[in-house]
Amino acid sequence: MKKINLKLWRDIRQQKWQFTALVVVILVGVLSYGGMMGMIDDVEASLDRTLDELRFQDFVVTLQDTAPESVLQDVAGVDNVQAVTGRLVMDVGLDISEDNQARARLVGMPATAQPPVNQLYVQEGRYLQEGDGLVAVVDHHLAEYYGYGPGTVLHPIVNGEPLDVEIVGLAVSPEYLMAVASAENVLPLPSGFTVLFMPQAEVQGLFGAEGAINELNVRLVNRSPGEVERAISQVEKALGGVQIRSVVERADNPSYSLLMLDLEGGREMMGMVPTMFLIIAAMSIYVLINRMVQAQRPQIGVLKALGYSRWAVMRYYLLYSGLIAVIGSILGFGLSYPVGQAFAQAYAAEFGLPFVTATFHLAAGLEAVGITLVVALLAGFFPAWSSARTAPAEAMRFDPSVALVKGSVPWLERALGLVFRLRTGTKIALRNLFRNRRRTLTTLLGFVFAFVVLLTCWAMFDGMSYMMEVQFEQTDRWDLQAIFSQPQPYTVMEQIRGWTGVETVEPVVDFPVTIKSGSESHDAFLVALAPDSELHGFQLPRSKKPAQVLGPGQVLLSPSMSDNWGVETGDQVTLQTPLGDLQVVVDTSNAEVMSPGVYANLDWVQAELAGGQDLFNGLWLQVDLARQKDVRRMLYQLPGMASVDLKEEIAAGWQSLMGLYYVMMGMFLLFALVISAAVIFNTMTVNVLEREREIATMRALGQSRSGLQAMITVENLLVGLLALVPGLAIGVASTYSLFQVFSASADFYLPFYIAPLTYGIVVLLIFGTALLSQVPAMRRVNRMDLAEATKVMA
Amino acid sequence: MATEAQVQLQNVTKTYQMGEVQVHALNGLDLSIQEGEFVVIVGPSGSGKTTTLNLIGGLDTPTSGELLVAGTDIAGYDEDALTAYRRDRIGFIFQFFNLLPTLTAGENVEFALELADREGQDVHQRAHALLDRVGLAERADHFPSQLSGGEQQRVAIARALAKDPPILLADEPTGNLDFRMGQKVLRVMRDLNQQEGRTVILVTHNTVIGRIGERVVHLRDGQVSDVKVNAHPLEVGQIEW
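Residues numbered from 1 in each chain as written. Chains lettered and ligands numbered in written order. Predicted model: local features only at pLDDT ≥ 70, side-chain atom pairs only at ≥ 80, totals over all residues. Heavy atoms only, no water.

Draft legend 1. Quick peek at the overall build of chain B. Helix and strand counts for chain B stand at six helices and ten strands. Its C-alpha atoms put chain B at 45 × 45 × 40 Å along the principal axes. Looking at chain B as a whole, 56% of its 241 residues are labelled buried. Counting contacts in chain B only where the partners sit at least 6 residues apart, residues at least 24 apart contribute 71% of the total. (Helix = DSSP H or I, 4+ residues; strand = E, 2+ residues; numbered from the N terminus. Buried < 20%, exposed > 50% of the residue type's maximum accessible area, 1.4 Å probe, protein only. Contact = heavy atoms within 4.5 Å.)

Now the structure itself:
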């Protein structure tokens, strides 16, 4: 081996921990860029593949009532329609146990073969077959939750009577990749909602609707946006006088849209991380190489005196920085595939995607490696160039007695000096900050990065917790929400009001509508209620009362709806309902956070759409909590009861969904702490190495080890303090930006909120990590050979 | 009546591990230094003179033997005790000056004063007085990068005096200075010895400098090879190198 390469190898060995720290920074950067972004791409690809394999619908038409199956032929004849399936779909209760009922959707399926649209992926057992009676292929979520399998008998409650339905198979459905019942309540509730895919004839028989369907699933040949709209319009025309309740496109499928929101949030989060890693890596490499060049000046002089060219000297230092980049990149690149694959698999498994695509993202990985190499070589270039330019005699003339550091009194010290009398130890710490500005800047960036990532992650916890509180403490004041499949007279409500444990009951009318504003139309759910409702807390500004904004002809929207639909307070829009169109004036100041409805005055809606009859299809109940499960059971026994939700179960479902976010946030927290620790370790070690003689002199003069440690700690923490304001400011901005991503949907409004305690937690965590990171440097200080170190060249 | 030596080394050995090689820097060194003496220790490279100074200065500890300073054996001191010893009893002057580069001349002296934690003292005033003592009061606000080698070394002497130490140790104090600067530094040290009665132990490879000491101790191979007493030590201005 050439001796200069041997020198390189030995220098690396001597500085192995700093070398390793930088390799780790590079590794994490490449891994996050290649692996994580690749993971998101893989999950999206898996999703697309699953939807394609299972022939997912392009849109679904839900009828207001039933229609004969013959309408399918009319729809099948529409231009661009590739396939159409007609089904009878009914929501009922499902008896899990004495005190536990869930919501079950009975979906009629062909018994002989899978339908041409929305097929099932059977994970266990079998699909339906000729001769099947009351059997079902069940969506896997609830079955997995309760440990059901083929052979288990379920008890859906139809017309007040529980039935025996045997499970013959467990399946994944493209419509229910997440166990979300409707767009009204986008919470996946695996314990509380399931789908029973049963023979169509059986379902029709149960509801006395032989030969009838109430849902059409349509798949198109050409899916471009304009063509989809055209097809919907033609299908509506083909259905003629059949009343349509709603038309929901693929992107608005509740399960699909929730998945996409999740992935978008992940992509946004992961987008900012690699860039910061690379910046920090570049600066850290620069600091390290620069320090090496300074320390090795006499050696450089000797090399050049022996006849090594400028390029040979430069090559040495470029090789050093290049090796850091290459090793880190190779490891990061190598790990990106298995790590990305593992995450993609875990993510896909969480969502029950049966078809997983995990590809080796060569392009993304090579891009990450390429960028890293360029950045690392550039970072090493400038100190390397400086080393090569030094004349040999000058380099070898390096005299440790000549003070290389130009002293000066920084502005910060002058400012503090106006108020405090500073001890020399404090002056040393302050002046060391400005002694090597690039190095200080690197450490500062490390701190800033840590502040940004930690604050963003922790603030997401805060935001989501706040969202939960607003939704479940302030907005939803009911304990149970019951939805009927058909309108009910008030006598039913009065009957329920008389039940033991029921304290308050309020009627609501709840059905899908389309808001038309100009040429744009948007699907939503209308919730008609009394303005003075006790069981719903509107999130209005203080200047507005519900009675003011929920008069006849008025509807209340949320700010997220306003942003997404382009409607403002005072705008007049058309409310298209299954029972006719209504002209309304909107107010967009109801800042509800989750799945807000389009609110309207109950009396007015009943007058306009039900001929003034006192009808409702939903109830909100406040009950004695000890009796709420009994009440739920009794509700499910009522004819026409489609679903009964317990607020505490919904809240628990959200908490468990957040569990996934918490895992991701936890991962980012860890990344941030590792990076900041690596940067601070590197800088502190360089600082101590460079100042060995000074430190040894201070100890020789009688400065105690604890006193020195305090000095170094103050210097370290001062950088942290300088980083505090910009770090937290950028963190707040980054958090706001992330909140905006989650609020981009009309269904969510994530109020920007960071708990005051969060700032404290973030600061403590980062400063705690900084203190731990300087331990190796402190150990070096403590173990210093004073006799040697007082003679050492810097 | 024989007075007790201020510094006494009795059969002191010091062995270093340098890679796989053991280096015996001192091999049973016996040396006594009286209070107020000006002793010059000379010897070739590797003779153990710097090691001797480092042991007396508390920068290192002997492998074996006794090292008594004012009657107390410091050989068994732990790190905290050595720190206090260095802080309170020793003034060290280094070959490479070792000023803290981010502090001015005055602040370098103040640093040592703060360590000594003298009560009731105006640290700033005392630092100024010490710099004046070495003829550098007007350079108090200058940083080391703005001072010549000789000036830096004199600041180092002022810093060493900050704790009012009974013993001053100087390791090749003129090694990095030209003749004129070196003379100035030696003159200050001689004055400190003669006018203030401080014990000065100076290590040098330059035997000419030995002529200004009261006693010259020659070291070779980690032991005292010769001791010469100068009945009439020369003045600094009388020597040339």
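Draft legend 2. View of the overall build of chain A. Of the regular secondary structure elements, chain A holds 25 helices and 21 strands. Seen along its three principal axes, the alpha-carbon backbone of chain A occupies a region of about 100 × 60 × 50 Å. In chain A, which comprises 794 residues, the proportion classed as buried is 58%. Within chain A, contacts between residues at least 6 apart in sequence are counted, and of these 81% link residues at least 24 apart. When the accessible surface of chain A is totalled, it reaches about 31,100 Å², and 56% of it is carbon and sulfur. (Areas by Shrake-Rupley, 256 points an atom, 1.4 Å probe, with all protein chains shown as cover.)

Draft legend 3. Region of the structure containing the environment of Gln299(A). All names here are of chain A. Note that Gln 299 resides in helix 8 (residues 297–306). Under the relative-accessibility criterion, Gln 299 is labelled partly exposed at 38%. Sequence-wise, Gln 299 and Val 60 are 239 residues apart; in three dimensions their C-alpha atoms are separated by 76 Å.

Draft legend 4. Expanded view of the sheet that holds strand 2 (residues 81–87) of chain A. All names here are of chain A. Taking strand neighbours across the sheet as the criterion, the four strands line up as 2-11-1-12 in an open arrangement whose pairing is antiparallel. Since the sheet does not close on itself, it has two edges, and those belong to strand 2 and strand 12 (244–249), each with one partner. Taken pair by pair, the neighbouring strands of this sheet meet at an average axis angle of 20°, ignoring direction. (Pairing = 2+ DSSP bridges. Axes fitted to C-alpha atoms, helices over the stretch in contact; angles between N-to-C directions.)

Draft legend 5. Looking closely at the interface of chain A and chain B. In this assembly, 34 residues from chain A lie in contact with 31 residues from chain B. Of the roughly 3,100 Å² buried where chain A meets chain B, counting both sides, 57% is carbon and sulfur surface. The tally of links between chain A and chain B comes to three salt bridges. When the shortest N-O distance is used, the salt bridge between Glu79(B) and Arg699(A) registers 2.7 Å. Sorting the residues of the side of chain A that touches chain B by element identifies helix 13 (424–435), helix 21 (692–700), helix 22 (705–742) and helix 25 (786–789) of chain A as the ones contributing at least two each. (Buried area = accessible area lost by both parts, 1.4 Å probe. Salt bridge = Lys/Arg side-chain N within 4 Å of Asp/Glu carboxyl O.)

Draft legend 6. Local environment of the packing of aromatic side chains. All names here are of chain A. Per the stated rule, a full pass over the model turns up 22 aromatic pairs over all chains. Consider the rings of Phe 19 and Tyr 320, whose centres lie 5.6 Å apart with planes at 85°: the pair is edge-to-face. Here Phe 19, found in helix 2 (residues 16–53), pairs with Tyr 320, found in helix 9 (residues 310–350); they are 301 residues apart in sequence, far enough to count as distant. Of the two residues, Phe 19 and Tyr 320, neither departs from the other in class, the shared state being buried. (Phe/Tyr/Trp six-rings, centres within 6.5 Å; stacked < 30°, edge-to-face > 60°.)

Draft legend 7. Local environment of the sheet that holds strand 5 (residues 72–73) of chain B. Residues and elements named next belong to chain B. Spatially, 2-1-4-5 is the arrangement adopted by the four strands of the open sheet, whose pairing is antiparallel. Each edge of the open sheet carries a strand with a single partner, namely strand 2 (21–33) and strand 5. Bridge count between strand 1 (residues 7–18) and strand 2: ten bridges; the pairing is antiparallel. From the neighbouring strand, Thr 13 faces strand 2, where its bridge partner is Asn 27. Contacting strand 1, strand 2 and strand 4 (64–69), helix 1 (residues 49–56) crosses the sheet at an angle of about 115° to strand 1.

Draft legend 8. Broad picture of the nonpolar core. Ranked by size, the top nonpolar core spans 181 residues in total, and within it Tyr317(A), Tyr320(A), Ile324(A), Phe447(A), Trp654(A) and Phe111(B) carry the most contacts. Among the elements that take part in this core, helix 20 (residues 647–690) of chain A stands out by supplying 21 residues, more than any other. Within the second largest apolar cluster, 41 residues are counted, among which are Val40(B), Val123(B), Leu136(B) and Met189(B). (Core = buried A, V, L, I, M, F, W, Y, C linked by side-chain atoms within 4.5 Å.)

Draft legend 9. The pairing of strand 13 (residues 480–489) of chain A, seen in detail. Residues and elements named next belong to chain A. Pairing between strand 13 and strand 20 (residues 615–623): six bridges, direction antiparallel. Paired with Ala 482 across the bridge in strand 20 is Leu 619. Across five bridges, the pairing between strand 13 and strand 21 (residues 641–646) is antiparallel. Bridged to Ile 483 within strand 21 is Ser 643.

Draft legend 10. The arrangement of the packing of helix 3 (residues 105–116) of chain B against helix 4 (residues 123–133) of chain B in detail. Residue and element names in this part refer to chain B. In contact at an axis separation of 9 Å, helix 3 and helix 4 are set at 120° when each is read in the N-to-C sense. It follows from the interaxial angle that helix 3 and helix 4 lie oblique. The two elements helix 3 and helix 4 meet at a crossing, and its hand is right-handed. Seen from helix 3, the contacting residues are Ala 105, Gly 106, Val 109, Glu 110, Leu 113 and Glu 114; seen from helix 4, they are Val 123, His 124, Arg 126, Ala 127, Leu 130 and Leu 131. Partitioned by chemical class, the residues of the contact of helix 3 with helix 4 number seven nonpolar, two polar and three charged. (Parallel < 35°, antiparallel > 145°, perpendicular 65-115°, else oblique. Left-handed = near helix turned anticlockwise from the far one by under 90°. Nonpolar A, V, L, I, M, F, W, Y, C, P; charged D, E, K, R; others polar.)

Draft legend 11. Examining the confidence of the model for chain B more closely. All names here are of chain B. Averaged over every residue, the pLDDT of chain B is 90; the share at 70 or more is 97%. Here helix 2 (residues 79–89) stands out as the element of chain B with the lowest mean pLDDT, 88, in contrast to strand 3 (residues 38–42), whose mean of 96 is the highest. Here the predicted complex carries an ipTM of 0.85, next to a pTM of 0.73. (pLDDT = per-residue confidence, 0-100.)

Draft legend 12. Local environment of the pairing of strand 3 (residues 89–97) of chain A. Residues and elements named next belong to chain A. Burial runs high along strand 3: seven of the nine residues are buried. Strand direction decides the pairing type here: strand 3 and strand 4 (residues 100–109), joined by eight bridges, are antiparallel. Looking at strand 4, one finds that Gly 93 is bridged to Arg 103. The hairpin turn running from strand 3 into strand 4, its antiparallel successor, is two residues long.

Draft legend 13. Here's a closer look at helix 5 (residues 149–161) of chain B. With 13 residues, helix 5 of chain B extends 19 Å between its outermost C-alpha atoms, agreeing within 8% with the 18 Å of an ideal straight helix rising 1.5 Å per residue. Buried residues dominate helix 5 of chain B, accounting for twelve of its 13 residues. (Expected span 1.5 Å × (residues − 1).)

Draft legend 14. Examining a nonpolar patch on the surface more closely. A cluster of nonpolar residues, Val374(A), Leu378(A), Phe381(A), Phe382(A) and Trp385(A), forms a patch on the protein surface that exposes about 470 Å² of accessible area. Its place among the elements puts Phe381(A) in helix 10 (residues 362–389). (Patch = residues over 30% accessible without salt bridge, like charges linked within 9 Å, V, L, I, M, F, W, Y side chains within 5 Å.)

Draft legend 15. Just a negative patch on the surface, in detail. Residue and element names in this part refer to chain A. Taken together, the side chains of Glu 229, Glu 249, Asp 252 and Asp 523 make up a negatively charged region of the molecular surface. Residue position: Glu 229 is located in helix 6 (residues 225–238). The class for Glu 229 is exposed, based on a relative accessible area of 55%. (Lys, Arg positive; Asp, Glu negative; His and termini not counted. Charge placed at Lys NZ, Arg CZ, Asp CG, Glu CD.)

Draft legend 16. The side chain of Thr790(A), seen in detail. For Thr790(A), the location among the structural elements is in the segment after helix 25. Since its relative accessible area comes to 4%, Thr790(A) is described here as buried. A distance of 3.1 Å separates a polar atom in the side chain of Thr790(A) from the backbone oxygen of Ala787(A). Aside from chain neighbours lying at most four places away, what touches Thr790(A) is Arg693(A), Ala696(A), Thr697(A), Phe94(B), Phe96(B) and Asn98(B). (Polar contact = N/O pair within 3.5 Å; in protein donor to acceptor, adjacent residues only side chain to side chain.)

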